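Here is what each chain is made of, one letter per residue.
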Amino acid sequence: MTLFSSTDPSDIHFWEALGGIEQPSRYIGFEPNHIRKRPEEIKLFFALAFPEMYEIGMSHFGIQILYHVLNHRPDIAAERVFAPASDLHQRMIRENRPLVSLESKRPLRYFDIIGFSLLYELTYTNVLYMLEAGGIPFDARNRDGNVPFVIAGGPCTVNPEPMARFFDAMVIGDGEQVVLAMTDEWMRWKNEGAGSRERLLERWASIEGVYVPRFYDIQTDERGFRFRVPKAQGAPARIRRAVVADLDNAAFPESPLVPFGKPVHDRLRLEISRGCSRGCRFCQAGMIYRPVRERSISTIMEQARKAIDATGYEDLSLLSLSTGDYSKLERLMEFLMGHCAPRHVAVSLPSIRADRLSKSLMEEIKRVRKTGFTIAPEAGSQRLRNVINKNIGEEDIRRAVEDAFSLGWQVIKLYFMIGLPTEEDADIDALVDLVKRLRTLLRSFGKHRRGEMHISLTTFIPKPHTPFQWEPQIGLDEGYRRLSGIRHRLQMPGISVKWQQPEVSFLEGVLARGDDRCSRVIETAYRMGCRFDGWSDHFRFDRWMAAFDAEGVDPAGFVCRQRELDEPLPWDHIDIRVTKEFLQAENRLAMAGRPTLDCREAECSGCGVCDFATIQPVFCRDMPEAKEGDGFSEGAIDRPSPARWKPVVFRYTKTGSARFLGHLEVYNLFCRAFRRSGVSVEFSEGFHPKPKLSFDEALPIGLASTCETFRASVAADTDCESLVERLNHALIEGIRIVGCVPDEKSSKDRNQSTGATYRVVLFRNGFDRDALGRFEQADTFEITRTNRKGITRCIDLKRIVPEIRLLSDTSCEMRLLHAQDAILRPADVMRAIWHLPADIIQEAEVTKVV
């Protein structure tokens, strides 16, 4: 991820690499709870590769689990690698530098195993992007003994064929136990002399849940349908999905990584269950993660307490496919809020079924603050909800919206799909009418409380291993007709409508339902410049269509036709444990408009997942009572009264890699450090309480400092020396508190700073002494500056820079004064006096020393 390619983080090239790079904190890798191991103690280097940028990848809970599971083994080093942004990638190409990991900056090619997470079809070209940046051949058959094994896991592997050519092995199902079995086999193979790659792949193929594509041939039947059959002895005809049977005994990251920057999900996540029994016929996740397995309240609370203490997060989210179906949800929320509310930690729920919401549950959620509120009706008419097996009625939706608004929520989010099987214009009309009725309901609370509804629309994609896998996806023109019609009819105050571009849904459907021929298209599209296709500003549908044309593959053939229930499917060799007969039966019931009851509440539906010996539904097995001292519901923790707060000023350093953190990142780091250290600090009042930290200056990204300050109020009886020690223990490399004293200055005195002294070190150039001499001899030295408003003015640099002292040919110290009409930085001075080019200035190490 950085351009740095040694294993010594002090290497000077590390600093050069990040200068001038957008959001450089993506590439630091020193986040709270990161793990770095001594290379000489490691037998297996494992790269956890995520084919997206850092802020997306660090929002994926699975990578946290695997990071924890693998690094728990003392002889395995698991390190993260994400797709570099284009500015960094261009520099990598220009300077011929490889893609490397975050933790040790080890080049990707020098790992033993690279494991990619495939969560979304539109990240497929990013896999090739990262392989090429790491110097690794695309085709698994072209890799020799000097190249890492490349494997993949994630929900997209349930139809592995579009990407199978690029991987040595692919994991189907829950990965935390499978990946350990694979590393064990690698260790044995290595200890035996590391023979042919084929020998290790044979061992991997014998592990349940592991698919080795090279052991299978592609055959075509008389109708032209392509499918996989085993060619190697011992390769199973169907690869059976791996399942973790008991989440209470499954690994959980009790000290998860705390990302820098702005990850999509910047909060602590607790997986309370896995799987769903609802049986929504459009939902792939609801089929491929069966059966339901719930964690017990005791386990969840233990994980919550440890993870909150280890991270300092102020937000906690419950993670599952259907959170509202957790069998003891209200009891769990009581315990969580009892622990979290006194600590100002908010608890949020993801999208939840309207029929599972209750006023008491909403009351618990709002105890700290009202987090997001989302309902997913999916379809507007009851007829269509019956078809897709979304067994909720309009009254459930109406009641949930009314309760939420009455309890203070101002914004309600609703998710719908268009293009569902059997959908007609009458169903679109029903969707519009439902939204209008809900709008009327919200506005009936009075003119001073007019709520908003945010409507999100997406085109239905018939994913593999669902009852609708045989159904067609609507075309682009029809998709636009339905979407634009809905938006036009809902153009009214209080309603906002957004949708996913139909072209994106079309390509997602093609790659989800395609066969091995799509791998050629994916590679060609990558060669044409397609990458980061999930980002609207990067998505190039025209290039994708050109790639399909170039390879002679018809994309519409994968998505726009009705498939026969008995025809071979490209993913038939993948056994997700749900039988094809069950899916076919569900398809027929859908066409008849007949729902299937949740097997939690009715008899077994016979999907085929459970053997009722090792694999079966698991529901919350405890219902603890809150008792004083049990740690479940500590409502009374020691919070000083306002009279007992004392203001203090902290001095801290921001050096090394930490200089690439932005001001907001530093603020969040300190807020969470107070939580992690257990130091009581005064919070703000109001809707979103936060620690009251006041920084004297917002230090620019890339600027180091040995003399920064911020202010806070701590408990009056807190000892400053122990306070510094506790906070430093919770901080990261490069951020250190070096002093803490009572704050005796007034706010007026704080703002009377006269300036600062900076030390500058150049890496690829020197300071011209003659140019400095000309500056020193001049009476005035005017430069022009244009502010954000476009106003240009002249500034006399002699008035702002009273002293510059050369320490060597490549280093200097300069004093910059603060002026009312100008704020200058060392970069401005270097540009004006020495006319240094932008890249030299960006790579310079600048440290504020006084």
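Keep in mind it's a predicted model, so treat the numbers as computed, not measured.

**Student:** How would you summarise the overall build of the chain if you had to cite specific residues and measurements?
**Tutor:** Looking only at helices and strands, one finds 27 helices and 29 strands in the chain. The C-alpha atoms of the chain give 29 Å as radius of gyration, which agrees with the globular expectation for 850 residues (29 Å, within 12%). Counting only C-alpha atoms, the chain reaches 90 × 65 × 55 Å along its principal axes. For the chain, the residues scored as buried account for 58% of the 850 residues in total.

**Student:** So what about the confidence of the model for the chain? Which residues, and what values?
**Tutor:** When pLDDT is averaged along the chain, the result is 90, and 92% of the positions lie at 70 or above. Across residues 1–12, where pLDDT falls below 50, the model places 43 contacts with residues more than four positions away in sequence or in other chains.

**Student:** Requested: an account of the pattern of salt bridges, with residues and values cited.
**Tutor:** Should the charged atoms of two oppositely charged side chains come close, the side chains can pair. Counted by the stated rule, this structure contains 73 salt bridges. Glu132 is paired through a salt bridge with Arg527; the nearest N and O atoms lie 3.0 Å apart. Of this pair, Glu132 sits in helix H5 (residues 124–133) while Arg527 sits in helix H17 (residues 517–527); the two residues are 395 residues apart in sequence, bridging distant segments of the chain. Its salt-bridge partner being Lys692, residue Glu682 comes within 3.6 Å of it at the nearest N-O pair. On the criterion of sequence distance, the pair formed by Glu682 in the loop between helix H21 (663–677) and strand S21 (694–695) and Lys692 in the loop between H21 and S21 is long-range, its members being ten residues apart. Through salt bridges with shared partners, one network takes in Glu132, Asp139, Arg141, Arg165, Glu523 and Arg527.

**Student:** Go over empty space enclosed by the protein, please, and point to the residues and values.
**Tutor:** If you walk through the whole model with that rule in mind, you get eleven cavities of 30 Å³ or more. Empty space within the largest cavity amounts to approximately 90 Å³. If you go around the largest cavity, the residues you meet are Pro32, Val258, Pro259, Phe260, Gly261, Asp266, Glu665, Asn668, Leu669 and Arg672. Of the residues in the lining of the largest cavity, the class split is five nonpolar, two polar and three charged. Taken together, Met58, Phe61, Gln64, Pro256, Leu257, Pro259, His265, Arg267, Leu268, Arg269 and Tyr313 form the lining of the second largest cavity. Looking at the lining of the second largest cavity, the elements with two or more residues in it are helix H3 (61–71) and strand S10 (268–271). Residue composition of the lining of the second largest cavity, by class: seven nonpolar, two polar and two charged.

**Student:** Could you give an account of the sheet that holds strand S18 (residues 495–499), with specific residues and numbers?
**Tutor:** The strand order across the open sheet built from four strands is S15-S16-S17-S18, with neighbouring strands paired in parallel fashion. Both edges of this open sheet fall to strand S15 (374–378) and S18, since each of them pairs with a single strand only. Ignoring which end each strand starts from, the neighbouring axes of this sheet average 20° apart. Two strands pair when backbone bridges link them, and strand S16 (residues 411–418) and strand S17 (residues 452–459) are joined in this way by eight bridges, in the parallel orientation. Counted as the bridge partner of Val411 is Glu452 from S17. Running at roughly 165° to S15, helix H13 (residues 394–406) makes contact with S15 and S16 of the sheet.

**Student:** Got a sec to walk through the side chain of Ser296? Specific residues and values, please.
**Tutor:** Relative to the helices and strands, Ser296 is located in the loop between strand S12 (293–294) and helix H9 (297–311). The residues touching Ser296, leaving out its near neighbours within four places in the chain, are Asp248, Tyr326, Cys620, Arg621 and Asp622.

**Student:** Talk me through the sheet that holds strand S2 (residues 76–82); I want residue IDs and the actual numbers.
**Tutor:** Sheets are built from strands paired through backbone hydrogen bonds, the pairs being either parallel or antiparallel. Taken in spatial order, the six strands of this open sheet run S2-S1-S3-S4-S5-S6, and their pairing is mixed. Whereas interior strands pair on both sides, the edge strands pair on one side only; in this sheet they are S2 and strand S6 (210–211). In the sheet, strand S5 (residues 169–171) pairs with S6 via two bridges, with the strands oriented antiparallel. Across the sheet, residue Val171 finds its bridge partner in S6, namely Val210. Against the sheet, H3 touches strand S1 (44–50) and S2, its axis set at about 155° to S2.

**Student:** Tell me about the pairing of strand S3 (residues 113–117), residues and numbers included.
**Tutor:** Across the five residues of S3, five count as buried, placing the element largely inside the fold. Here S3 shows no split at all, with Ile113, Gly115 and Ser117 on one side and Ile114 and Phe116 on the other all buried. Sheet analysis places S1 next to S3, joined by four bridges and oriented parallel. Bridged to Ala47 within S3 is Ile114. One ladder, built from five bridges, connects S3 with strand S4 (residues 149–153); its direction is parallel.

**Student:** Describe the pairing of S16, and please don't skip the residues or the numbers.
**Tutor:** Sheet topology note: the S15/S16 ladder contains three bridges and is parallel. Directly across from Glu378, in S16, lies its bridge partner Phe416.

**Student:** Before we move on, could you go through the nonpolar core and cite the residues and values that matter?
**Tutor:** Within the largest apolar cluster, 179 residues are counted, with the highest numbers of intra-cluster contacts made by Trp204, Leu318 and Phe650. Not counting chain neighbours up to four residues away, the residues in contact with Leu318 comprise Leu270, Ile272, Thr323, Leu329, Leu332, Met333, Leu336, Val347, Ser348, Leu349 and Pro350.

**Student:** Before we move on, could you go through the packing of aromatic side chains and cite the residues and values that matter?
**Tutor:** Two numbers describe a pair of aromatic rings. These are the distance of the centres and the angle of the planes. One pass over the structure, following the stated rule, counts 25 aromatic pairs. Through pairs of rings, three or more aromatic residues link up here, namely Phe650, Tyr652, Tyr667, Phe670, Phe674, Phe695 and Phe710. Across the ring face of Phe149, the terminal group of Arg197 is positioned such that the distance to the ring centre comes to 4.1 Å.

**Student:** Requested: an account of the packing of helix H6 (residues 176–191) against helix H7 (residues 197–205), with residues and values cited.
**Tutor:** Contact geometry for H6 and H7: axes closest at 10 Å, N-to-C directions at 145°. The interaxial crossing formed by H6 with H7 has right-handed handedness. Across the interface between the two elements, Met182, Glu185, Trp186, Arg188 and Trp189 of H6 pack against Arg199, Leu200, Arg203 and Trp204 of H7. Taken together, the residues of the contact of H6 with H7 sort by class into five nonpolar, no polar and four charged.

**Student:** A description of H5 should follow, citing residues and the corresponding values.
**Tutor:** Every α-helical turn comprises 3.6 residues, leaving residues that sit three or four positions apart pointing alike. Of all ten residues in H5, nine are buried; the element is thus mostly enclosed. Buried within H5 are the following residues: Tyr124, Thr125, Asn126, Val127, Leu128, Tyr129, Met130, Leu131 and Ala133. Downstream of H5 by one or two residues, Gly135 has phi in the positive range, about 75°.

**Student:** I'd like a rundown of the environment of Phe335, residues and numbers included.
**Tutor:** For Phe335, the position within the fold is in helix H10 (residues 329–340). Take Phe335: its relative accessible area is 2%, and that puts it in the buried class. Here the alpha-carbon distance between Phe335 and Glu625, two residues 290 residues apart in the chain, equals 9.3 Å.

**Student:** Just give me the short version of the side chain of Arg290, but keep the residues and values in it.
**Tutor:** As for its position among the elements, Arg290 is in the loop between helix H8 (285–288) and S12. Of the side chains bearing the opposite charge, Glu586 lies closest to the buried Arg290, which forms no salt bridge; the N-O distance is 6.7 Å. In this structure the side chain of Arg290 is engaged in a polar contact, spanning 3.1 Å, whose partner is the backbone oxygen of Gly286. For Arg290, the residues in contact, after removing those within four places along its chain, are Arg241, Cys276, Ser277, Gly279, Val578, Phe582, Ser605, Cys607 and Val609.

**Student:** Mind laying out helix H20 (residues 580–591), listing which residues take part and the relevant values?
**Tutor:** Here H20 is twelve residues long and its end C-alpha atoms lie 17 Å apart, about the 16 Å a rise of 1.5 Å per residue gives. One or two positions beyond H20, positive phi appears at Gly593, with a value near 70°.

**Student:** Describe the state of the cysteines, and please don't skip the residues or the numbers.
**Tutor:** Scanning the entire structure with this criterion turns up zero disulfides. Cysteine Cys610 shares no disulfide, and the gap to the nearest cysteine sulfur, in Cys607, comes to 5.9 Å. With relative accessibility at 22%, the residue Cys610 sits in the partly exposed group.

**Student:** Account for unusual backbone geometry, with residues named and values stated.
**Tutor:** Note on backbone geometry: most residues besides glycine have negative phi, and most peptide bonds are trans. Arg290 connects to Pro291 through a cis peptide bond whose omega is 0°. Mapped onto the elements of the fold, Pro291 is located in the loop between H8 and S12. If you check the backbone angles, His835 has positive phi at about 55° while not being a glycine. Within the secondary structure, His835 is located in the loop between helix H26 (826–834) and helix H27 (838–843).

Calculation notes
- Residues numbered from 1 in each chain as written.
- Predicted model: local features only at pLDDT ≥ 70, side-chain atom pairs only at ≥ 80, totals over all residues.
- Heavy atoms only, no water.
- Helix = DSSP H or I, 4+ residues; strand = E, 2+ residues; numbered from the N terminus.
- Rg over C-alpha atoms; globule rule 2.2 N^0.38 Å.
- Buried < 20%, exposed > 50% of the residue type's maximum accessible area, 1.4 Å probe, protein only.
- pLDDT = per-residue confidence, 0-100.
- Contact = heavy atoms within 4.5 Å.
- Salt bridge = Lys/Arg side-chain N within 4 Å of Asp/Glu carboxyl O.
- 1 Å grid on protein atoms, 1.4 Å probe; cavity = no way out; pocket = protein on both sides within 12 Å on 5 of 7 lines; lining within 4 Å.
- Points joined across faces, edges and corners; volume = space filled by probe spheres on them.
- Nonpolar A, V, L, I, M, F, W, Y, C, P; charged D, E, K, R; others polar.
- Pairing = 2+ DSSP bridges.
- Axes fitted to C-alpha atoms, helices over the stretch in contact; angles between N-to-C directions.
- Core = buried A, V, L, I, M, F, W, Y, C linked by side-chain atoms within 4.5 Å.
- Phe/Tyr/Trp six-rings, centres within 6.5 Å; stacked < 30°, edge-to-face > 60°.
- Lys NZ or Arg CZ within 6 Å of the ring centre and 35° of its normal.
- Left-handed = near helix turned anticlockwise from the far one by under 90°.
- Lys, Arg positive; Asp, Glu negative; His and termini not counted.
- Polar contact = N/O pair within 3.5 Å; in protein donor to acceptor, adjacent residues only side chain to side chain.
- Expected span 1.5 Å × (residues − 1).
- Disulfide = S-S within 2.5 Å.

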